[in-house]
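Observations on the three-dimensional arrangement
Okay, here's what each chain looks like letter by letter:
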Amino acid sequence: MNRRTASVWVLPLSAVLVFGVALSATLGYLDVSIPDVFTILFAKLRGQGMPTGIDPVAATVVADVRMPRILAAVLVGGLLGVSGAVFQAILLNPLADSYTLGISTGAAFGASLVIVLQIFGLALPPGVTIPIFAFGGGIGTLAVVLFLAAGDRRLSSTSLILAGVIVAAILSAAIGFLKFLADEHVGLIIFWLMGSLAGASWANILLLTPVALLGTLVIVFYSRDLNIMATGDRAATSLGVNTVRLRLVLLAVATLMTALAVSVSGIIGFVGLIVPHMLRHLSGPDNRTLIPLSFFTGGLLLLVADTLTRAVLPVEVPIGVLTALLGGPFFCFLFKKRQRDGSTVF
């Protein structure tokens, strides 16, 4: 599939995503039709009262309970999909994602830390919450990884991966120690580490939306240089691409996107790994196409997973567990298929 053909898929994917959002809003203990969903949302946007025939309880459930969670699933999935595509392109590794550089682990450590501090009765300011600590943990992890990899002036993929593995191992041990300190309250940490969108609010949507929009636009702007960098540092430098600056900029943007996604939803694995990997087989490795497709596909994938656990399954399973259960075997199948074909992704 060439770039022009793949670009055509953005519009259908957008339409499917809108329909998926509307359909998901109808599912749950309270049945609501798709026309009623659009009526409720339009009335809320205009600041008007509900038209006659709309159940006030249904309006409250759709507008204040379901929609924030549904939109959070789309935005978090999109952020993870785009950041995964960037990490794979920068590190030239089809198995790379936010875990490779320890970003997700750093965010998990920050959230676990504030949970333990609250358990021990430390009074925190009202503005200091789990999302802020998770975001700080992700950004701090990137800073440490870049510091460790700074001995290599070119910030090569090998140096970044090795530094990320080292930092992630240390942070995993630190999280284990925090679990030990939490004692009987360890369930709070474990539940957050498994990922959930149950606590999503409109405040989270207002935080995620500008980051998703601006971050994706920045990455798309540099997507041509990202394509050139895939040919190797020497070739990219000879073509006028500052590979060190490009890595720093894109790593910072992708880390911001990942950290904010994790701060809202907890740890959700395999979305950032599978989505770009799968799309490369369909649309090719051109990042000018891959980046926007990764956003829509990641959002759609996480929306389906969250709808399943929220409204279809008899018991709400943590969404991070569900994505791992569904994505793990699928990725194993793709990986073995590529091995049999004797080809690589890049």
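Here's a quick rundown of the structure. (Residues numbered from 1 in each chain as written. Predicted model: local features only at pLDDT ≥ 70, side-chain atom pairs only at ≥ 80, totals over all residues. Heavy atoms only, no water.)

**Thoughts on the overall build of the protein chain**
This is how it is decided: Working definition: helices are DSSP H or I runs of at least four residues, strands are E runs of at least two. Numbering for both runs from the N terminus. C-alpha atoms define the radius of gyration, and 2.2 Å times the number of residues to the power 0.38 defines the globule rule. Three labels apply to residues, based on accessible area from a 1.4 Å probe with only protein chains included: buried if under 20% of the type maximum, exposed if over 50%, partly exposed otherwise in between.
Within the protein chain, the secondary structure is distributed over 15 helices and zero strands. What you see for the protein chain is a C-alpha radius of gyration of 21 Å, in line with the 20 Å of a compact globule of 346 residues. Across its three principal axes, the protein chain shows a C-alpha extent of roughly 65 × 55 × 40 Å. For the protein chain, the proportion of its 346 residues judged to be buried stands at 49%.

**Considerations on the packing of aromatic side chains**
Spelled out, the test is: Pairs were defined over the aromatic rings of Phe, Tyr and Trp, the Trp ring being its six-membered one, requiring ring centres within 6.5 Å. Orientation was assigned from the angle between planes: stacked under 30 degrees, edge-to-face over 60, tilted for the rest.
Enumeration according to the criterion identifies four aromatic pairs in this entry. With 5.9 Å between their ring centres and 85° between their planes, F295 and F296 make a pair best called edge-to-face. There is no split in this pair, since F295 and F296 are both buried.

**Focus: empty space enclosed by the protein**
The line we're drawing: Definitions used for this entry: grid spacing 1 Å over protein atoms alone; cavity, a set of points where a 1.4 Å probe fits but cannot get out; pocket, an open set with protein on both sides within 12 Å along at least 5 of 7 lines; lining residue, one with an atom within 4 Å of a point. Grid points are joined across faces, edges and corners, and a volume is the space filled by probe spheres set on the points. Classes in brief: Ala, Val, Leu, Ile, Met, Phe, Trp, Tyr, Cys and Pro nonpolar; Asp, Glu, Lys and Arg charged; the others, Gly included, polar.
Under the definition given, this model contains one cavity of 30 Å³ or more. One number sums up the size of the largest cavity: a volume of about 50 Å³. Its residues placed into classes, the lining of the largest cavity shows five nonpolar, six polar and one charged.

**Focus on a nonpolar patch on the surface**
The following threshold applies: Here a patch means residues that are over 30% exposed by relative accessible area and free of salt bridges, tied together within 9 Å if like-charged and within 5 Å if nonpolar (Val, Leu, Ile, Met, Phe, Trp, Tyr). For accessible areas, the Shrake-Rupley method is used with a probe of radius 1.4 Å. Any residue's cover is judged against the shown protein chains and nothing else. One side-chain nitrogen of Lys or Arg within 4 Å of one carboxyl oxygen of Asp or Glu is enough to make a salt bridge.
Side chains of V144, F147, L148, I166 and I170 sit close together on the surface and give an oily, nonpolar patch of about 510 Å² of accessible area. Looking at the nonpolar patch, the elements that each hand over two or more residues are α6 (130-149) and α7 (157-182). Here L148 shows up in helix α6. Note on L148: relative accessible area 44%, which makes it partly exposed.

**Overview of the packing of α6 against helix α12 (residues 243-265)**
Here is the rule: Lines fitted to the C-alpha atoms define the axes, with helices restricted to the stretch that makes contact. Angles between their N-to-C directions range from 0 to 180 degrees. An angle below 35 degrees is treated as roughly parallel, one above 145 as roughly antiparallel, one from 65 to 115 as roughly perpendicular, and anything else as oblique. The hand of a helix crossing depends on one turn: near helix anticlockwise from the far one by less than a right angle means left-handed, and clockwise means right-handed. Two residues form a contact once any of their heavy atoms are found within 4.5 Å.
At a minimum axis separation of 8 Å, α6 and α12 run at an interaxial angle of 150°. As summarised for this structure, α6 and α12 are arranged roughly antiparallel, according to the angle between their axes. Crossing handedness for the pair α6 and α12: right-handed. Side by side, α6 and α12 meet where P131, A134, F135, G138, I139, L142 and L146 of the first sit next to L248, L251, A252, T255, L256, A259, L260 and S263 of the second. Grouping the constituent residues of the contact of α6 with α12 by class yields 12 nonpolar, three polar and no charged.

**Considerations on the packing of helix α5 (residues 103-119) against α7**
Contact geometry of α5 with α7 gives a least axis separation of 9 Å together with a crossing angle of 20°. Between α5 and α7, the angle is such that the two are roughly parallel. Here α5 and α7 pass one another in a crossing that is left-handed. Taken together, the residues of α7 that come into contact with α5 (itself represented by T105, G106, A108, F109, S112, L113, V116 and I119) are A168, L171, S172, A174, I175, L178, L181 and A182.

**Focus: helix α2 (residues 10-26)**
Think of an α-helix as turning once every 3.6 residues; residues three or four places apart then point the same way. How we decide: Take the number of residues in a helix, subtract one, and multiply by 1.5 Å to get its expected span.
Compared with the 24 Å implied by 1.5 Å per residue over 17 residues, the 25 Å span of α2 between its first and last C-alpha is a close match. Within the sequence span of α2, burial applies to L13, S14, L17, G20, V21, A22, S24, A25 and T26. Of the surrounding elements, those touching the buried residues of α2 are α3 (34-46), α4 (56-91) and α14 (287-312). In the segment just after α2, G28 is the residue with positive phi, at about 150°.

**Some details on the environment of G47**
Looking at the element boundaries, G47 is found in the loop between α3 and α4. Using a relative accessible area of 67% as the deciding quantity, one classes G47 as exposed. A sequence separation of 27 residues divides G47 from V74, and the C-alpha atoms of the two residues are 24 Å apart.

**What to know about the side chain of S263**
The criterion, for reference: Polar contacts here mean pairs of N or O atoms no more than 3.5 Å apart (in protein, one a potential hydrogen donor and the other a potential acceptor; neighbouring residues in sequence count only if both atoms are side-chain atoms).
Here S263 is to be found in helix α12. According to the relative accessible area criterion, S263 is buried, its value standing at 3%. At a separation of 2.7 Å, a polar atom in the side chain of S263 contacts the main-chain carbonyl oxygen of L260. Sequence-distant contacts of S263, defined by excluding residues within four places in its chain, comprise P131, A134, F135 and W192.

**Points about the side chain of S112**
On the secondary structure map, S112 appears in helix α5. Take S112: its relative accessible area is 1%, and that puts it in the buried class. At a separation of 2.8 Å, a polar atom in the side chain of S112 contacts the main-chain carbonyl oxygen of A108. Apart from the residues lying within four places of it in its own chain, the contact partners of S112 are I175, L178, I189 and L193.

**Considering the pattern of salt bridges**
Once the charged atoms of two side chains with opposite charge are near each other, the side chains can pair. Scanning all chains against the criterion turns up four salt bridges. Two residues, R224 and D225, come together in a salt bridge whose shortest N-O distance is 3.9 Å. Residues D286 and R288 are paired through a salt bridge, measuring 3.0 Å at the closest nitrogen-oxygen approach. Looking at R288, the relative accessible area reads 35%, which means it is partly exposed. Each of R69, D306 and E316 takes part in a single network of salt bridges with overlapping partners.

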